[in-house]
There are 2 protein chains.
Amino acid sequence: MAMQMSVSISSSSSAFLNQSSLTFSERVGVPPKASGACKCVATEPAEKTAFTTKVSRNANMGKLQAGYLFPEIARKRNAHMLKYPDAKVISLGIGDTTEPIPEVITSAMANRSYALSTLEGYSGYGAEQGEKALRTAIAATFYADLGIEEDDVFVSDGAKCDISRLQVLFGSDVSMACQDPSYPAYVDSSVIMGQTGQFSSDVGKYQNIEYMRCSPENGFFPDLSSVARTDVIFFCSPNNPTGASASRDQLKQLVQFAKDNGSILVYDSAYAKYITDDSPKSIFEIPGAHEVAIETTSFSKYAGFTGVRLGWTVIPKQLLFSDGFPVAKDFNRIVCTCFNGASNISQAGGLACLSPEGLKAMGDVIGFYKENTNIIVDTFNSLGFKVYGGKNAPYVWVHFPGRSSWDVFAEILEKTHVVTTPGSGFGPGGEGFVRVSAFGHRENIIEACRRFKELYN
Amino acid sequence: MAMQMSVSISSSSSAFLNQSSLTFSERVGVPPKASGACKCVATEPAEKTAFTTKVSRNANMGKLQAGYLFPEIARKRNAHMLKYPDAKVISLGIGDTTEPIPEVITSAMANRSYALSTLEGYSGYGAEQGEKALRTAIAATFYADLGIEEDDVFVSDGAKCDISRLQVLFGSDVSMACQDPSYPAYVDSSVIMGQTGQFSSDVGKYQNIEYMRCSPENGFFPDLSSVARTDVIFFCSPNNPTGASASRDQLKQLVQFAKDNGSILVYDSAYAKYITDDSPKSIFEIPGAHEVAIETTSFSKYAGFTGVRLGWTVIPKQLLFSDGFPVAKDFNRIVCTCFNGASNISQAGGLACLSPEGLKAMGDVIGFYKENTNIIVDTFNSLGFKVYGGKNAPYVWVHFPGRSSWDVFAEILEKTHVVTTPGSGFGPGGEGFVRVSAFGHRENIIEACRRFKELYN
């Protein structure tokens, strides 16, 4: 019986929990999934069972499906590498930057590090909202003439973290909408906060979330006339994963839609510097956005800061809850209570990013990834696939009509040793697509494309 | 009328919102607090009012009292400095480290920064749970022979941030207890998550929080026989602000209490390395703690990392919700969804902290602050005050029987230009006390003590 139970537990646990280090009595305390062994426990309890607290698991956590997408992809990549230890696996999956950070930026971080060893250069707790010089530089660089001031900018350790802090700010009583497909952190953080119902596996959606379908048919911009009113609307442009960016006219429609509904728009512009056409790079380019919109973004994909951790969120003073209370004031309270500021060293890096040399260096890195993007787009075009994205974003969205995204993901991984991301991981609207990231060394991009051609020619 | 309204708005807004940059129409959109001017608005609305969304403010945010304690203190310090621009203000208030970080640690961070500019040294997204080498070093340094393994350790950007992530993990349906007085992040994050009722200003407590009184009368350890059962118990030892550390016997009682009640104990050991007697430095020194306890802590007060941001939380595999689901597995999901790992540069610093040279250097810094502590303790003792703490913590807890903490805080600031922290900011049990932090340059500690003697001799 012990054997059976231990097996059933292993199968229900994620890899990160090293089950082998649990003692037998601890193992048997974990209720096995429904199975023969399970029933055996119910009728004949083991002599010694593990201690359980009397604290109920947060029901919202139980609603979450499988693991968060990107760790899941990483796990599948690692399993593949175990299976093929000699294969040269190329990762175009989780959108992780690969190119070194320009020296003008890293030397600023090194200097700040060294300075922390000196009496003059040491600093302890910084302002939770970020250092004034960085907030000022962000406002000046990204929002000049857009009516955004230094104190509207909250520096953070990244957009993903701020999305969760925004959800904590909104609380559990709001309803939300998001693009389908889109970056999974919006939906998952909403589930965790209790804003949603259960997951309906037949449609691949959580109850009480408004999924705004974005597909080739509507040019990847939702038909707002069919979108129900929600309190909060998450909108990512350029979109992750489709790579589509909304035009000025579309964003005007979106702001008007938010205004008509009295909704708060959370606009994720983490890829704005990849825009090549005249799509707006900030929602605050749209008149009236200051009264309905929050913008969250990051240095991750501009300066290779995915590991350094630095981002920011803008909340204009004009954005008010229904009772007139400023949203920024509550967010300030969240930031002060639940956060302690981004690392001072990362902030020194951010400031260097916004110097004239830093801006040029970031532009060069972005330009490099955009060349990668073109190579990937050309490859899939030459193979006769319908390809979207790529123009204003480092993501290429490849259509495999009628096929399961996870099947295509598995096929590409198995046959080419290239990791991509299955479109359905971003929502049911991503089914039939695969996202190929342009973040990679040039030789890897070229080699991956050679393998794609071998597989699909 | 416009004049009146603008005045009433300014008085209800915190300093961080620069009201002067709002236009008139924006100002009038903020509903003024109840007042004569307010009624005037209700009956004769201004011609143009500002746009408000239809999103209700999160009611839990509305329950919070004033600002989070430490930004409040900073605001009062800044106001004092404006009033006395020539005064040499000494800050022994918010517990901010002042001494330079040892070079063995900063050079590791500088080297990691430089390496990010190289192909070999660049790294993007790290594991959300922290780099394996650091998790391993933390387990080996702090938990050798305590049954804690590398994968039980979650590296973070600080204990305060992890406390909020733990609250998100628990959700809104749990009840909590905390020491009174204690670090305000426990209570405030609980309020934000909706675990509490309203604040009762007559008793200075939130409804549905169990305040465990810690006073000189009970040796700063709660009388557990009079503590109601809660799902979660926050316990900080050495305690912030009282400086009291629980003995081994007391912690055995506490673990047994948690076990009897099926509660989860969140043990904050951020000051453990300041312990000089034989009090346990980790809750996992107590047999059985693995089945009821989480430990959260930080490099902030050990290595001067208050601005660098690095901490960790330990969740043993044996800690299970009532349904047998491992708490660590849900926390892993929170960390993956709401966080993206601590800065890789900060983690390089953390690893250097745990090298033999780093450990010695940290010990020297801690020793320095402990000498400061002795100076402060001796000063208040010599003035005839009852003084607590100081022995196992960098905080001195000075009793001013019968007086209001905020009055004493204001008196000390006004007459000596020294910033302290009013005890009541940590809960009603702190009333009549003031916390004096030992974090400061030696000459400032000596000068502050000279001024204390002048004032209270």
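Note that this is a predicted model, so its numbers are computed, not measured.

**Examining the sheet that holds strand β11 (residues 387-389) of chain B**
All names here are of chain B.
Then, in step 1: Spatially, the 4 strands line up as an open sheet ordered β11-β12-β15-β14, and their pairing is antiparallel. Looking at which strands have only one partner, the edges of the open sheet turn out to be β11 and β14 (421-422).
Then, in step 2: Across the sheet, helix α15 (residues 405-416) is in contact with β14 and β15 (433-437); its angle to β15 comes to roughly 45°.

**With respect to the nonpolar core**
Then, in step 1: Formed by 118 residues in total, the largest nonpolar core has its most connected members in A:Ile138, A:Ile283, A:Phe305, B:Ile138, B:Ile283 and B:Phe305.
Then, in step 2: Excluding residues within four positions of it along the chain, A:Phe305 makes contact with A:Ile101, A:Ile105, A:Met109, A:Phe299, A:Ser300, A:Leu310, A:Ser346, A:Gly349, A:Gly350, A:Cys353 and B:Tyr122.
Then, in step 3: Formed by 111 residues, the second largest nonpolar core is a distinct cluster that contains A:Val191, A:Phe234, A:Ala244 and B:Val168.

**Looking at the confidence of the model for chain A**
Then, in step 1: Scored by pLDDT, chain A comes out at a mean of 91, with 89% of its residues at no less than 70.
Then, in step 2: The complex prediction reports pTM at 0.90, with the ipTM value standing at 0.90.

**Side note on the packing of helix α8 (residues 159-170) of chain B against helix α12 (residues 327-338) of chain B**
All names here are of chain B.
Then, in step 1: Two numbers describe how α8 lies on α12: the axes approach to 10 Å, and their chain directions differ by 115°. Between α8 and α12, the angle falls in the class roughly perpendicular. As α8 packs across α12, the resulting crossing turns out to be right-handed. Of the residues in α12, those in contact with Asp162, Arg165, Leu166, Val168 and Leu169 of α8 are Val327, Asp330, Phe331 and Ile334.

**Section: the UniProt feature "domain: Aminotransferase class I/classII large" (unreviewed entry) in chain A**
Then, in step 1: Within this numbering scheme, the UniProt entry marks residues 88-452 of chain A as carrying the feature "domain: Aminotransferase class I/classII large" (unreviewed entry).
Then, in step 2: As a span, residues 88-452 of chain A carries 37% helix and 16% strand, and end to end its C-alpha atoms are 14 Å apart.

**A word on helix α10 (residues 248-261) of chain B**
Residue and element names in this part refer to chain B.
Then, in step 1: Under the 1.5 Å per step criterion, the end-to-end length of α10 is 20 Å for 14 residues, consistent within 8% with the ideal 20 Å.
Then, in step 2: Taken together, the buried positions of α10 are occupied by Gln250, Leu251, Leu254, Val255, Phe257, Ala258 and Asn261. Along the axis of α10, the buried positions cluster into a sector of 155°, meaning they face one direction only.
Then, in step 3: On its buried face, α10 sits against β7 (232-236) and β8 (264-268).

**Topic: the relation of the copies chain A and chain B**
Then, in step 1: Each copy of the sequence occupies a distinct position, and chain A is placed on chain B by a rotation of 180° and an axial shift of 0.0 Å, giving an RMSD of 0.0 Å. With respect to symmetry, the two chain copies, as superposed, fit the operation of a two-fold axis. Of every C-alpha in chain A, the one belonging to A:Ala110 sits nearest the axis of rotation, 2.0 Å from it.
Then, in step 2: Comparing contact sets, 99% of the residues at the interface of chain A also lie at the interface in chain B, consistent with an isologous, same-surface contact.

**Considerations on the packing of aromatic side chains**
Then, in step 1: Overall, the coordinates contain 60 aromatic pairs over all chains when judged by the stated rule.
Then, in step 2: With 4.9 Å between their ring centres and 65° between their planes, A:Phe199 and A:Tyr206 make a pair best called edge-to-face.
Then, in step 3: For A:Phe199, a relative accessible area of 26% puts it in the partly exposed group.
Then, in step 4: Relative to B:Phe400, the ring of B:Phe385 has its centre 4.8 Å away and its plane inclined at 55°; by these criteria the two rings are tilted. Residue B:Phe385 is located in the loop between α14 (356-382) and β11, and its partner B:Phe400 is located in the loop between β12 (395-399) and α15; the two are separated by 15 residues in the primary sequence.
Then, in step 5: Overall, B:Phe400 belongs to the buried group, its relative accessible area being 5%.
Then, in step 6: If you follow A:Arg57 out to its NZ or CZ, it ends over the ring of B:Phe325, 3.6 Å from the centre.

**Comments concerning the pattern of salt bridges**
Residue and element names in this part refer to chain A.
Then, in step 1: Evaluated as defined, the whole model comprises 44 salt bridges over all chains.
Then, in step 2: Here lysine 391 makes a salt bridge to aspartate 277, at a shortest N to O gap of 3.7 Å. Here lysine 391 is found in the loop between β11 (387-389) and β12 (395-399), whereas its partner aspartate 277 is found in the loop between β8 (264-268) and β9 (293-298), with 114 residues between them in sequence.
Then, in step 3: Between lysine 360 and aspartate 364 there is a salt bridge, with the nearest N and O atoms lying 2.9 Å from each other. Of this pair, lysine 360 and aspartate 364 both sit in helix α14 (residues 356-382), 4 residues apart, which is roughly one turn of the helix.
Then, in step 4: Since its relative accessible area comes to 55%, lysine 360 is described here as exposed.
Then, in step 5: Among the charged side chains, a salt-bridge network with shared partners connects Glu149, Asp151, Asp152 and Lys317.

**Thoughts on the packing of helix α9 (residues 185-192) of chain A against α12(B)**
Then, in step 1: Taken N-terminus to C-terminus, the directions of α9(A) and α12(B) make an angle of 140°; their axes are 10 Å apart at the nearest point. Between α9(A) and α12(B), the angle falls in the class oblique. As for how α9(A) packs across α12(B), the hand of that crossing is left-handed. Together, A:Asp188, A:Ser189 and A:Ile192 of α9(A) and B:Arg333, B:Ile334, B:Thr337 and B:Cys338 of α12(B) make up the contact between the two elements.
Then, in step 2: Its residues assigned to classes, the contact of α9(A) with α12(B) comprises 3 nonpolar, 2 polar and 2 charged.

Definitions and cut-offs
Residues numbered from 1 in each chain as written. Chains lettered and ligands numbered in written order. Predicted model: local features only at pLDDT ≥ 70, side-chain atom pairs only at ≥ 80, totals over all residues. Heavy atoms only, no water. Pairing = 2+ DSSP bridges. Helix = DSSP H or I, 4+ residues; strand = E, 2+ residues; numbered from the N terminus. Contact = heavy atoms within 4.5 Å. Axes fitted to C-alpha atoms, helices over the stretch in contact; angles between N-to-C directions. Core = buried A, V, L, I, M, F, W, Y, C linked by side-chain atoms within 4.5 Å. Buried < 20%, exposed > 50% of the residue type's maximum accessible area, 1.4 Å probe, protein only. pLDDT = per-residue confidence, 0-100. Parallel < 35°, antiparallel > 145°, perpendicular 65-115°, else oblique. Left-handed = near helix turned anticlockwise from the far one by under 90°. UniProt positions renumbered as here; feature names shortened; annotations may be inferred. Expected span 1.5 Å × (residues − 1). Arc of directions from axis to C-beta. Least-squares fit on C-alpha atoms with pLDDT ≥ 70 in both. Phe/Tyr/Trp six-rings, centres within 6.5 Å; stacked < 30°, edge-to-face > 60°. Lys NZ or Arg CZ within 6 Å of the ring centre and 35° of its normal. Salt bridge = Lys/Arg side-chain N within 4 Å of Asp/Glu carboxyl O. Nonpolar A, V, L, I, M, F, W, Y, C, P; charged D, E, K, R; others polar.

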